[in-house]
Amino acid sequence: MKRFYTLLLAFVVLAITTASAQAVIKFDKTTHDFGNFPEDRPVTCKFVFENTGDEPLVIQQAISSCGCTVANYTKTPVKPGERGEITVTYNGKGKVPGHFKKAISIRSNASNNLTRLYITGEMAAASSLHE
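The notes below deal with the structure included here.

The rules behind each value
- Every chain begins its residue count from 1, and numbering advances along the sequence as written.
- Owing to the predicted nature of the model, reporting of local features is limited to residues with pLDDT of at least 70; listing and counting of side-chain atom pairs is limited to 80 or more, with chain, interface and lining totals taken over all residues.
- The side-chain values count all of the structure's non-hydrogen atoms but skip hydrogen atoms and water molecules.
- We define a nonpolar core as any set of buried Ala, Val, Leu, Ile, Met, Phe, Trp, Tyr and Cys residues linked to one another through side-chain atoms lying within 4.5 Å.
- To sort residues, take the accessible area from a 1.4 Å probe on protein chains only and compare it with the maximum for the residue type: under 20% means buried, over 50% means exposed, and anything in between is partly exposed.
- In this text, helices come from DSSP runs of H or I with a minimum length of four residues, and strands from runs of E with a minimum of two, each type numbered from the N-terminal end.
- Residue contacts follow a heavy-atom distance rule, with two residues in contact if any of their heavy atoms lie within 4.5 Å.
- Cysteine sulfur atoms that pair up within 2.5 Å are treated as a disulfide.
- Pairing between strands is defined by DSSP: at least two bridges between the two strands are required.
- Angles run from 0 to 180 degrees between N-to-C directions of axes, and those axes are lines fitted to C-alpha atoms, restricted for helices to the stretch in contact.
- Classification of ring pairs uses Phe, Tyr and Trp, with its six-membered ring standing for Trp, and accepts pairs whose centres are within 6.5 Å; under 30 degrees between planes counts as stacked, over 60 as edge-to-face, and the remaining range as tilted.
- In this scheme, the term charge over a ring applies when either NZ of a lysine or CZ of an arginine sits within 6 Å of the ring centre and within 35 degrees of the ring normal.

This paragraph deals with the nonpolar core. Ile-86, Tyr-90 and Ile-119 are the most contacted members of the largest nonpolar core, which totals 27 residues. Secondary structure elements with two or more residues in this core: β1 (25-27), β2 (31-38), β3 (43-51), β4 (59-64), β5 (69-73), β6 (83-90), β7 (98-108) and β8 (114-124). Take this core: its biggest share by element is 4 residues, from β3. Apart from the residues lying within four places of it in its own chain, the contact partners of Tyr-90 are Phe-34, Phe-37, Pro-42, Val-43, Cys-68, Thr-69, Lys-95, Phe-100, Lys-102, Ile-119 and Met-123.

Written out as structure tokens, the structure is:
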């Protein structure tokens, strides 16, 4: 009987330990300001993240709030302690010039499974910066 309780306790401890093991995504920054740039020049930035958890981190989706913003991300699992990146490109050609703020929603298997990244900037009409 004593062995049964010892085995049961070991199983419970193992189950709790396994359930609490999880990936955690931590970004160096969550906002990037492109500043001023012309409409006819796409701009790109990188958001670097680290898996500070104890399980591999998998980015499942990177969805932008607009078709003018494209996000590419590390597709392979990021091991604990390792880093990955999300590259965001904004192409405002044909859009209304002026200030903008776009969001990119990052979904992952991390305990903080939804993270939002933001890009901002001031896009000038292509002809106004060439004069």
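Evaluated as defined, the whole model comprises 1 disulfide. Covalently, Cys-66 is tied to Cys-68 through a disulfide, its sulfur atoms 2.5 Å apart. Since a negative S-S torsion denotes a left-handed disulfide, the Cys-66-Cys-68 link at about 130 degrees is right-handed.

The subject of this paragraph is the sheet that holds β8. Pairing within the open sheet is mixed, and its 4 strands lie in the order β2-β8-β7-β4. Two strands lie at the open edges of the sheet, namely β2 and β4, each paired on one side alone. If you compare each strand with its neighbour and ignore which way they point, the axes differ by 20 degrees on average. Sheet analysis places β2 next to β8, joined by 6 bridges and oriented parallel. Directly across from His-32, in β8, lies its bridge partner Ile-119.

The next thing to look at is the sheet that holds β1. Strand order in the open sheet formed by 4 strands is β1-β3-β6-β5, and the pairing between neighbours is antiparallel. The open sheet is flanked by β1 and β5, the only strands paired with a single partner. Averaged over all adjacent pairs, the angle separating strand axes in this sheet is 30 degrees, with direction ignored. Pairing analysis gives 3 bridges linking β1 to β3, with the strands arranged antiparallel. Across the sheet, the residue bridging to Lys-26 is Glu-50, located in β3.

This next bit is on the packing of aromatic side chains. For any two aromatic rings, the description comes down to two numbers: the centre-to-centre distance and the angle of the planes. This structure, assessed with the given rule, holds 5 aromatic pairs. Here the aromatic rings of Phe-37 and Tyr-90 are separated by 6.1 Å at their centres, their planes lie at 80 degrees, and the arrangement is edge-to-face. Of this pair, Phe-37 sits in strand β2 while Tyr-90 sits in strand β6, and the two are 53 residues apart along the sequence. The same class applies to Phe-37 as to Tyr-90, namely buried. Taken together through their ring pairs, the aromatic side chains of Phe-34, Phe-37, Tyr-90 and Phe-100 make up a single cluster. The side chain of Lys-29 reaches across the aromatic face of Phe-47, ending 5.8 Å from its centre. When the ring centre of Tyr-118 is taken as reference, the NZ or CZ atom of Lys-101 above it lies at 4.8 Å.

The analysis is restricted to geometry; functional conclusions fall outside its scope.
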